[in-house]
Amino acid sequence: MPLLISDENRVRTLTLNRPDVLNAFNEELYLATATALHEAATDPDVAVVLLTGAGRAFSAGNDLVEMQRRITDPTFNEQGSHFSTMIDALTELPKPLICAVNGVGVGIGATLLGYADLVFMSSTARLKTPFTSLGVAPEAASSYLLPRLMGRQNAAWLLMSSEWVDAEEAKQMGLAWQVCAPDDLLPQARRHANILAEKPISSLMAVKQTIVAPTRAEIAAATAREIEHFAVLMGGAANAEALADFTGRRAAP
């Protein structure tokens, strides 16, 4: 199963479960995560959602093999993507979302943190948004959410440089709330999730609604801008070369 789901003390834990590919998101995982978020949103016994990854990664981002297929296989590309389904589910989630970043977070594995209410990172975890190294545009409204969360210059570095940011740097930048020893990550995240889960769900939802309501229109606008730029750059020379390098299918000169 690409996503593991468990409940304890009104906390629903979603564990990205493709450890063999560092929990990279393919269409199946996007849809499974979106569905789980929608179910948590409407379940009266769930107060808090905790998202983490199985194995040594949080998420390596988009499955680049699938991205390559979108360029080379028009039939697959015509099917659309559940990426936006998951982003919509994150945007609309009315309950607290806690992310426990247990390992590397790349691409969407980093940008989805913009939707979290609390982010805990393992001291060994690292983040990267490799958009410029892949020749593409930002995603998931990160061009709006990250400057708002981290400040413009921190967000500009993260989004433009394609460089790694370690856990302590992420905390200093404002992207992570707490950094924990690897063995303490989930216990700490769950301890805080349990504190929230003891509160009335209606009150938790009211607090979250008042925090996020002003951002909904801006998220939609940023997403539209990003999609427009992504459509132009996807399959372009820089993007095609980067994906060919990754998949090892660069054409012989």
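Residues numbered from 1 in each chain as written. Predicted model: local features only at pLDDT ≥ 70, side-chain atom pairs only at ≥ 80, totals over all residues. Heavy atoms only, no water.

Visitor: How would you sum up the environment of Glu228? Please name residues and give values.
Guide: As for its position among the elements, Glu228 is in helix H11 (residues 216–233). You can call Glu228 exposed: its relative accessible area is 56%. As for Glu228 and Met205, which are separated by 23 residues in sequence, their C-alpha atoms are 33 Å apart. (Helix = DSSP H or I, 4+ residues; strand = E, 2+ residues; numbered from the N terminus. Buried < 20%, exposed > 50% of the residue type's maximum accessible area, 1.4 Å probe, protein only.)

Visitor: Quick rundown of helix H1 (residues 27–42)? Include the residues and the values.
Guide: Given 3.6 residues to a turn, an α-helix orients residues that are three or four positions apart in the same direction. Here H1 contains 16 residues, and its C-alpha end-to-end distance of 23 Å stays within 8% of the 22 Å for a straight helix at 1.5 Å per residue. The set of residues buried in H1 consists of Glu27, Leu29, Tyr30, Thr33, Ala34, Ala36, Leu37 and Ala40. (Expected span 1.5 Å × (residues − 1).)

Visitor: Lay out the pairing of strand S2 (residues 11–16) with the relevant residues and their values.
Guide: Among the six residues of S2, six are classified as buried, and the element is accordingly described as predominantly covered. Here S2 shows a buried face lined by Val11, Thr13 and Thr15 and a second buried face lined by Arg12, Leu14 and Leu16. Here six bridges tie strand S1 (residues 3–8) to S2, and the two strands are oriented antiparallel to one another. Along S2, the bridge assignment pairs Glu8 with Val11. Counting the residues between successive antiparallel strands, the hairpin from S1 to S2 contains two residues, one of them, Asn9, with a positive phi of roughly 55°. Both S2 and strand S3 (residues 48–53) contribute to a ladder of six bridges, which runs parallel. Each residue of the ladder has a partner; that of Arg12, found in S3, is Val49. Following the chain from S2 across H1 to the adjacent parallel S3, one finds a crossover that is right-handed. (Pairing = 2+ DSSP bridges. Right-handed = clockwise from strand over helix to strand, strands pointing away.)

Visitor: Could you give an account of the packing of helix H6 (residues 142–150) against H11, with specific residues and numbers?
Guide: Helix packing for two helices is described by the angle between their axes and how far apart those axes are. At a minimum axis distance of 8 Å, the contact between H6 and H11 shows a crossing angle of 130°. By the angle between their directions, the pair H6 and H11 is classed as oblique. Together, Ser142, Ser143, Tyr144 and Leu145 of H6 and Glu218, Ile219, Ala222 and Glu226 of H11 make up the contact between the two elements. A per-class count over the contact of H6 with H11 returns four nonpolar, two polar and two charged. (Axes fitted to C-alpha atoms, helices over the stretch in contact; angles between N-to-C directions. Parallel < 35°, antiparallel > 145°, perpendicular 65-115°, else oblique. Contact = heavy atoms within 4.5 Å. Nonpolar A, V, L, I, M, F, W, Y, C, P; charged D, E, K, R; others polar.)

Visitor: Outline the pattern of salt bridges, listing residues and values.
Guide: The final tally for this structure, using the stated rule, is four salt bridges. Among the salt bridges present, the one from Arg12 reaches Asp7, with a minimum N-O distance of 2.8 Å. The salt bridge involving Asp117 is made with Lys208; its shortest N-O contact spans 2.9 Å. Within this pair, whereas Asp117 is found in the loop between helix H5 (108–111) and strand S7 (118–122), its partner Lys208 is found in helix H10 (residues 201–212), the two being separated by 91 residues in sequence. Salt bridges linked by common partners bring Asp7, Arg12 and Asp43 together as one network. (Salt bridge = Lys/Arg side-chain N within 4 Å of Asp/Glu carboxyl O.)

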